[in-house]
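Given next are the chains, with one letter for each unit.
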Amino acid sequence: MTKIGFLQLNSCSGCMFAVLGSAIFPELLKSADIQVFRLISDIQSEDHLDVVFVEGGVTCNEDAELLRRLWTEGTKIIALGSCAVLGGIMSQSPNMHIDPVNKFVDPHSSLPGCPPPRRLLGNLLLSAIDGSEFELPEKNVCWECPFAQDQTYEIEITSLHSTHSPKSCFLREGILCLGPITRAGCEAHCIKGSTPCDGCMGVLNGNLPAAIANLFSVLKVSETIREYAELAFRYQKPELKLKH
Ligand code: SF4
Ligand code: SF4
Ligand code: SF4
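Quick caveat: nothing in here was measured; it's all calculated off a predicted structure.

**Quick look at the site of ligand 3**
Right, so step 1: Taken together, V141, T182, C186, C190, I191, C197, D198, G199, C200 and M201 make up all the residues around ligand 3.
Right, so step 2: Of the residues in the shell around ligand 3, the class split is seven nonpolar, two polar and one charged.

**Notes on the confidence of the model for the protein**
Right, so step 1: In this model, the protein carries a mean pLDDT of 91, and residues with pLDDT of at least 70 account for 96%.
Right, so step 2: Within the protein, no element has a lower average pLDDT than helix α8 (residues 223-227), which sits at 81, and none a higher one than helix α1 (residues 14-21), at 98.
Right, so step 3: Between residues 240-244, whose pLDDT stays under 50, and residues either more than four places distant or in other chains, the model counts ten contacts.

**Side note on the site of ligand 2**
Right, so step 1: Looking at ligand 2, there are 13 residues lining it, with C142, C145, C169, F170 and C177 nearest.
Right, so step 2: Assessed atom by atom at 2 Å from the grid points, ligand 2 resides in the largest cavity.
Right, so step 3: Of the residues contributing to the shell around ligand 2, the split by class is eleven nonpolar, two polar and no charged.

**A closer look at empty space enclosed by the protein**
Right, so step 1: Evaluated as defined, the whole model comprises three cavities of 30 Å³ or more.
Right, so step 2: In this model, the largest cavity occupies a volume close to 100 Å³.
Right, so step 3: Residue lining of the largest cavity: V141, C142, C145, F147, A148, Q151, C169, F170, L171, C177, G179 and I191, and that is the complete set.
Right, so step 4: In terms of residue class, the lining of the largest cavity is made up of ten nonpolar, two polar and no charged.

Calculation criteria
- Residues numbered from 1 in each chain as written.
- Chains lettered and ligands numbered in written order.
- Predicted model: local features only at pLDDT ≥ 70, side-chain atom pairs only at ≥ 80, totals over all residues.
- Heavy atoms only, no water.
- Near = heavy atom within 4 Å.
- Nonpolar A, V, L, I, M, F, W, Y, C, P; charged D, E, K, R; others polar.
- pLDDT = per-residue confidence, 0-100.
- Helix = DSSP H or I, 4+ residues; strand = E, 2+ residues; numbered from the N terminus.
- Contact = heavy atoms within 4.5 Å.
- 1 Å grid on protein atoms, 1.4 Å probe; cavity = no way out; pocket = protein on both sides within 12 Å on 5 of 7 lines; lining within 4 Å.
- Sits in = over half its atoms within 2 Å of the grid points.
- Points joined across faces, edges and corners; volume = space filled by probe spheres on them.

Below, the structure written as C-alpha cells:
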C-alpha cells in the first residue's frame with residue numbers, strides 16, 4: 001500500500017480541507033496508507049513515505065530540512081496549492097519570509113490554486129494511488145470562460161472589483177481580470193461567481209513580472225489601477241517591480 005503524507009507548513013488549511021472534501025478522498029482512505037494528516041489524526045510519521053502532499057510555504061529551517069530529508073529518502077513531493085507552489089497570498093506578509101517548496105526541492109508535481117480546483121485535485125490524488133501522470137493545462141482561464149467570445153482590450157480598465165454579475169467579459173466592463181495570463185484548470189470558477197480572476201493558479205509561463213508587464217502593455221489601464229499593481233502580485237511575490 002502506498003504510504004502517503006499530507007504535510008502542512010505555513011498555511012491556512014484550505015488546501016487540506018479541499019482534499020478532505022474531494023470525491024476521491026474516501027477511495028484514498030481505502031487504497032492508501034495515510035501516515036500524516038494533522039487535520040484527521042494526531043498520529044504522525046514522516047518516515048519512509050512514498051508520496052507527500054505539501055500545503056503551505058516554507059518559513060523556517062526546520063521546514064526546509066524536513067523537505068530535503070524527504071527528498072533525499074526518495075519520497076515524491078507534491079506541492080499543493082498556491083502557497084506551496086508560488087509562495088501564495090501569505091508571502092505578501094511584511095513580517096514573515098515565505099518561500100515556495102521548489103526553492104528547496106524539485107517537486108514531482110505541483111498543483112496551484114487557492115485552494116486547488118476540484119477536478120484537478122481529484123486527478124492529482126488519483127495519481128498518488130495509481131501512479132498515473134498528472135499534468136496541468138497549458139491554456140489560460142479565458143479558454144474556460146463563458147465570456148471569452150466578447151473579450152476586448154479596448155476599454156480602459158478603471159476598477160479591480162465587480163459589484164454585479166457580469167453579462168460580458170470583465171475587461172469589456174473596465175474591470176481588471178487576470179484570466180488572459182492565468183493558468184486554466186478552475187473552469188473559470190471566480191468569473192462564474194461574479195468575481196474577476198486574480199490569478200490564484202499562477203501564470204502560464206512562470207514569469208509573473210513579464211506576464212503582468214505584457215498584459216499591462218496591451219490593456220489600457222488607468223493610472224489609479226497601476227498604482228495598485230501589487231494587487232496583481234497577490235499569489236506570487238515579484239522579484240521585479242513594475243515601473244509606474
Ligand atoms: S493556497 Fe490558499 S487555501 Fe491553500 S494554504 Fe495557501 S492560502 Fe490556504
Ligand atoms: S478576461 Fe476574464 S472575464 Fe474576460 S474572457 Fe478572460 S477570464 Fe473571462
Ligand atoms: S478564476 Fe482565477 S482566481 Fe479564480 S479560481 Fe480560477 S485561477 Fe483562481
